[in-house]
Amino acid sequence: MCSDFTTLSKEQRQIRQHHVDRDYTFFLALVAFGRDMQVPQVRAAARGQAWCGAEAVDLGLVDSLGGYEQAIAMAKTLAGLPQVVRRDPSARAAVAQLQDAVQKQEVGLGLAVLPRRMLSDISQDVDKLTRGFSSRQ
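Residues numbered from 1 in each chain as written. Predicted model: local features only at pLDDT ≥ 70, side-chain atom pairs only at ≥ 80, totals over all residues. Heavy atoms only, no water.

Trainee: Would you explain the packing of helix α1 (residues 10-35) against helix α2 (residues 39-46) in this entry?
Mentor: Packed helices, taken two at a time, are described by their axes: the angle between them and the distance between them. Across the interface, α1 lies against α2 with an axial gap of 9 Å and an inter-helix angle of 110°. Comparing their axes, α2 and α1 come out roughly perpendicular. Judged by the twist between their axes, the crossing of α1 over α2 is right-handed. Side by side, α1 and α2 meet where Tyr-24, Thr-25, Leu-28, Ala-29, Val-31 and Ala-32 of the first sit next to Val-39, Val-42, Arg-43 and Ala-46 of the second. Residues belonging to the contact of α1 with α2 are distributed by class as follows: eight nonpolar, one polar and one charged. (Axes fitted to C-alpha atoms, helices over the stretch in contact; angles between N-to-C directions. Helix = DSSP H or I, 4+ residues; strand = E, 2+ residues; numbered from the N terminus. Parallel < 35°, antiparallel > 145°, perpendicular 65-115°, else oblique. Left-handed = near helix turned anticlockwise from the far one by under 90°. Contact = heavy atoms within 4.5 Å. Nonpolar A, V, L, I, M, F, W, Y, C, P; charged D, E, K, R; others polar.)

Trainee: Is there a simple way to think about the environment of Ala-73 in this case?
Mentor: When you line up the elements, Ala-73 lands in helix α4 (residues 68-79). The exposure class assigned to Ala-73 is partly exposed, which follows from its relative accessible area of 26%. In sequence terms Ala-73 and Val-84 are eleven residues apart; their C-alpha atoms lie 9.2 Å from each other. (Buried < 20%, exposed > 50% of the residue type's maximum accessible area, 1.4 Å probe, protein only.)

Trainee: Can you walk me through α4 in this structure?
Mentor: Each turn of an α-helix holds 3.6 residues, which means side chains three or four residues apart point in the same direction. Here α4 spans 16 Å end to end across twelve residues, near enough to the 16 Å set by a 1.5 Å rise per residue. Looking one or two residues past α4, Gly-80 carries a phi angle of roughly 75°, positive in sign. (Expected span 1.5 Å × (residues − 1).)

Trainee: Can you walk me through the pattern of salt bridges in this structure?
Mentor: Oppositely charged side chains can pair when the atoms bearing their charge come close. Taken as a whole, this structure holds two salt bridges when the rule is applied. Taking the shortest distance from any N to any O, the salt bridge between Arg-22 and Asp-23 comes out at 3.2 Å. Classification of Arg-22 by relative accessible area gives partly exposed; the value is 44%. (Salt bridge = Lys/Arg side-chain N within 4 Å of Asp/Glu carboxyl O.)

Trainee: Just to check I follow, could you spell out the nonpolar core for this structure?
Mentor: Generally speaking, soluble globular proteins have nonpolar side chains that are buried together. By size, the foremost hydrophobic cluster in this structure holds nine residues: Leu-28, Val-31, Ala-32, Met-37, Val-42, Ala-45, Ala-46, Ala-56 and Leu-61. Those elements giving two or more residues to this core turn out to be α1 and α2. (Core = buried A, V, L, I, M, F, W, Y, C linked by side-chain atoms within 4.5 Å.)

Trainee: How should I be thinking about the confidence of the model for the protein chain in this particular structure?
Mentor: For residues with low pLDDT, the predicted coordinates do not support detailed interpretation. A residue-level look at the protein chain finds 63% of positions with pLDDT of 70 or above and a mean pLDDT of 75. The spread of mean pLDDT over the elements of the protein chain runs between strand β2 (residues 112-113), the lowest at 47, and α1, the highest at 90. Low pLDDT, under 50, characterises residues 107-113; the stretch is placed with 24 contacts to residues that sit more than four places away or in other chains. (pLDDT = per-residue confidence, 0-100.)

Trainee: Hey, could you run me through α1 in this one?
Mentor: Under the 1.5 Å per step criterion, the end-to-end length of α1 is 37 Å for 26 residues, consistent within 8% with the ideal 38 Å. Of the positions making up α1, those classed as buried are Leu-28, Leu-30, Val-31, Ala-32 and Arg-35. One or two steps after α1, the chain reaches Asp-36, where phi turns positive at roughly 55°.

Here's what the structure looks like:
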């Protein structure tokens, strides 16, 4: 269906648009849930745009501004993890640590809350990706 060398048919464009609309609606629902807002509020604020940090704070789409280190520190706090965590290069160990945190409570990540079923999917994906790595280390 996707090719740089052919034009999409009307039906293919409709299918692609349906997927985009479905994914955006799902994204809005996750943001609304994670931000304790109603979907119409999120839709009105987001309007399908990317916002700079200060504008996103004003619209209630983020709590505060910061970089990667601040985001990691906030995620640890929300997960009830200590700020200093032993570094483990194993992807499985990282997923296991996140799963333990989710067992205690749902962990807010960015704009949305990561549901348990999504964590399970991520865990399965990490298992598939890391199977070949453990034998090489």
